[in-house]
Amino acid sequence: MDSEPVTVTAAYRVDPGQESEFYAWAIAMLNVTARLPGYLGGGVLGSGQGSGEWHVIYRFDREESAQAWEYSLERARWATRAGSFIQETGVQRRAGLKNWFEGPVRPLPPPPKWKLWLVNLSAVFPPVLIFNVLVIPFLGDTNFLLRTLALCLGVTAMVTWLVMPRLQMLLKKWLYPPLQSIRGRHKRVAANGPRSRR
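Remember, it's a predicted structure, so these values are computed and weren't measured experimentally.

Draft legend 1. Up close: the overall build of the chain. When helices and strands are counted, the chain shows seven helices and four strands. Start at the N end of the chain and walk to the C end: the helices and strands fall as β-α-β-β-α-α-β-α-α-α-α. By the burial criterion, 33% of the 198 residues in the chain qualify as buried. Pairs at least 24 residues apart make up 74% of the contacts formed inside the chain by residues separated by at least 6 positions. Accessible surface, the chain as shown: approximately 12,700 Å² in total, 61% of it carbon and sulfur.

Draft legend 2. Quick look at helix α2 (residues 63-70). Three or more residues of α2 are buried, namely E63, S65, A66 and W69. An end-on view of α2 places all buried positions within 165° of arc, on one side of the element. Tucked inside the fold, the buried residues of α2 contact β1 (6-14), α1 (19-33), β3 (53-60), α3 (73-81) and β4 (86-95).

Draft legend 3. View of the sheet that holds strand β2 (residues 39-46). With antiparallel pairing, four strands are arranged side by side in an open sheet as β2-β3-β1-β4. Each end of this open sheet is capped by a strand with a single partner; those strands are β2 and β4. Here the average twist between neighbouring strands, direction ignored, is 15°. Relative to β4, β1 is paired through nine bridges, and the arrangement is antiparallel. Within the sheet, the bridge partner assigned to V6 lies in β4 and is A95.

Draft legend 4. Broad picture of the side chain of R59. Within the secondary structure, R59 sits in strand β3. The charged side chain of R59 is buried without a salt bridge, its nearest counter-charge being E4 at 8.1 Å.

Draft legend 5. Structural detail: the packing of aromatic side chains. If you walk through the whole model with that rule in mind, you get eight aromatic pairs. Ring geometry for Y39 versus F60: centroids 5.8 Å apart, planes at 70°, classification edge-to-face. Here F60 lies in strand β3 and Y39 lies in strand β2, a separation of 21 residues in the sequence. Summarising the burial analysis for this pair, Y39 and F60 share the class buried. One aromatic cluster in this structure is built from Y12, F22, W25 and W54. Between the NZ or CZ atom of R81 and the centre of the ring of W78, over which it lies, the distance is 4.5 Å.

Draft legend 6. Seen up close, the nonpolar core. Ranked by internal contacts, the top residues of the largest apolar core, which has 23 residues, are Y12, F22, W25 and Y58. For this core, the element with the most residues is α1, which contributes seven residues. Not counting chain neighbours up to four residues away, the residues in contact with Y12 comprise F22, W25, M29, G52, E53, W54, V56, I86, Q87, E88 and T89. Counting nine residues, the second-largest nonpolar core is a separate cluster that includes V119, A123, F131 and M164.

Draft legend 7. Highlighting the packing of α1 against α3. Taken N-terminus to C-terminus, the directions of α1 and α3 make an angle of 170°; their axes are 11 Å apart at the nearest point. One finds that α1 runs roughly antiparallel with respect to α3. Two secondary-structure elements touch here, α1 through W25, A28, M29 and V32 and α3 through E74, W78, A79 and R81. Considered class by class, the residues forming the contact of α1 with α3 number six nonpolar, no polar and two charged.

The rules behind the values
- Residues numbered from 1 in each chain as written.
- Predicted model: local features only at pLDDT ≥ 70, side-chain atom pairs only at ≥ 80, totals over all residues.
- Heavy atoms only, no water.
- Helix = DSSP H or I, 4+ residues; strand = E, 2+ residues; numbered from the N terminus.
- Buried < 20%, exposed > 50% of the residue type's maximum accessible area, 1.4 Å probe, protein only.
- Contact = heavy atoms within 4.5 Å.
- Areas by Shrake-Rupley, 256 points an atom, 1.4 Å probe, with all protein chains shown as cover.
- Arc of directions from axis to C-beta.
- Pairing = 2+ DSSP bridges.
- Axes fitted to C-alpha atoms, helices over the stretch in contact; angles between N-to-C directions.
- Lys, Arg positive; Asp, Glu negative; His and termini not counted.
- Salt bridge = Lys/Arg side-chain N within 4 Å of Asp/Glu carboxyl O.
- Phe/Tyr/Trp six-rings, centres within 6.5 Å; stacked < 30°, edge-to-face > 60°.
- Lys NZ or Arg CZ within 6 Å of the ring centre and 35° of its normal.
- Core = buried A, V, L, I, M, F, W, Y, C linked by side-chain atoms within 4.5 Å.
- Parallel < 35°, antiparallel > 145°, perpendicular 65-115°, else oblique.
- Nonpolar A, V, L, I, M, F, W, Y, C, P; charged D, E, K, R; others polar.

This is the structure:
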């Protein structure tokens, strides 16, 4: 058995208008998978708006873990819970770390660069201002390189652990509107119940 990490990609064809139901089903199945030994992570990806093609990606630490999930009773139960509007069209398996980043599916497009620039500016400017006003004046006699290092260390720590995670949560609907519209529809469907199919 191969001991390298294994990426399993299951492809699905989803009927138009049923994307939120599929997304809810896939996320629930990933949550069940996350409790299994050897599971490293996963996600749900769309191949483009209106295409109807979706992929559920599972990452396992080794081939044995992937096979344990693939042949498990729990996976079979979740497969039977998929609605008639979901059709599995294929499964691919790839070993190695490289394939986690270069899978067979195309992820949702990244936000425009001007949006990323604004978010980065919003994350960096307040810590730089705070350090220049509150910290740097007290380091006036310190070597220029040490002052610069203190500024970089402090700002980087604040941006990484305090500012950026909050900005990403606050602005995720603005950064990723297509994905958020799907999740929003899922929440509305969950609250109102699934639509009846004609």
